[in-house]
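Descriptive analysis of the structure
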Amino acid sequence: EPISFDYAVVEKETRISMVPFYGEWKDIGTWNTFSEVMAGNTSGKVCLDSTCENTHVVNELDIPLLGMGLKDMVVAVSSDGILVADKGRSSHMKPLVEDISEPIKYAEKSWGSYQVMDIGVDNMTVKVTLLPGHSMNYHSHERRNEMWTVLEGEGVCIVDDKERDVKPGDVIMLPVHCKHTVKAKTRLVIMEIQFGEDIDVADKIKY
């Protein structure tokens, strides 16, 4: 079902107003058009040699990317996948991407970000970053245990209504069914290890 702003909002309104915009507008719906508004040809750890022409590269990983002899290409690298495409073909990627059923491994949220570091048979490791003043929902899990290790920053952890201050090096065990959350005093980075035979993002009860 279409979920664009036009379909989801504008076409359902019975009364609507507008404000004219006299600046330049561009529909950044493809990697090709996105490359046209990039400040430079590269973003992240990227090195392109002198034989590359009209090529743009976005590398979100913390490893270097070297490009040689690339012409009219767009390259996008993240923990969710790697795109290497001729700029003229970048607008045709949607049906191909829809056939790739991989869980999202990195996402930025209003409260910070999370990144899936490793997925095992009955475990998953996630790096969670909370911005100052933000917190997780107070929640519990029915089918998994968790272990948090604080890597950076300071915060307040609440487990079954009991509060404790946390700092780098602290380890918090979170058995199944326990209610828990953490609030960031400063930028807080936590390594979260999930254990269980059925690790599912839907296994979450909010309070």
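Everything in this summary refers to the structure shown in the same document. (Residues numbered from 1 in each chain as written. Predicted model: local features only at pLDDT ≥ 70, side-chain atom pairs only at ≥ 80, totals over all residues. Heavy atoms only, no water.)

1. Concerning the pattern of salt bridges
We apply this condition: Throughout this description, the term salt bridge denotes a Lys or Arg side-chain nitrogen within 4 Å of a carboxyl oxygen of Asp or Glu. Residue burial is assigned from relative accessible area. The probe radius is 1.4 Å, only protein chains are included, and a residue is buried under 20% of its type maximum, exposed over 50%, and partly exposed in between. Secondary structure elements are taken from DSSP: a helix is a run of H or I of four residues or more, a strand is a run of E of two residues or more, and numbering for both begins at the N terminus.
Per the stated rule, a full pass over the model turns up 7 salt bridges. Linking R164 and D170 is a salt bridge whose minimum nitrogen-to-oxygen distance equals 3.8 Å. Judged by relative accessible area, R164 falls into the partly exposed class, the value being 37%. According to the relative accessible area criterion, D170 is buried, its value standing at 13%. Put simply, D165 and K185 hold a salt bridge, and the shortest N to O gap is 3.4 Å. Pair noted here: D165 is in strand β13 (residues 162-166) and K185 is in the loop between β15 (180-184) and β16 (188-195), with a separation of 20 residues, a long-range link. What makes D165 exposed here is its relative accessible area of 53%. What makes K185 partly exposed here is its relative accessible area of 48%. Connected through salt bridges with shared partners, the residues R164, K167 and D170 form a single ionic network.

2. What to know about the nonpolar core
Inclusion rule: As used in this record, nonpolar core signifies buried Ala, Val, Leu, Ile, Met, Phe, Trp, Tyr and Cys residues forming a set joined through side-chain atoms within 4.5 Å. Should any heavy atoms of two residues lie within 4.5 Å, those residues are considered in contact.
Counting residues in each nonpolar core, the largest one holds 17 residues, and the members touching the most others are L130, W148, I172, V182 and L188. When residues of this core are traced back to their parent elements, those giving at least two are β9 (123-130), β11 (145-152), β14 (171-174), β15 and β16. Here the element with the most residues in this core is β9; it accounts for 4 residues. Those residues in contact with L188 that sit more than four places away from it in its chain are V128, T129, L130, V150, E152, G153, E154, G155, V182 and K183.

3. Description of the sheet that holds strand β6 (residues 81-86)
Definition in use: When DSSP locates at least two bridges between a pair of strands, those strands are taken to pair.
With mixed pairing, the 4 strands of this open sheet are ordered in space as β1-β3-β5-β6. Looking at strand neighbours, the two that pair on one side only are β1 (42-43) and β6, the edges of this open sheet. Both β1 and strand β3 (residues 56-59) contribute to a ladder of 2 bridges, which runs parallel. Across the sheet, residue S43 finds its bridge partner in β3, namely V58.

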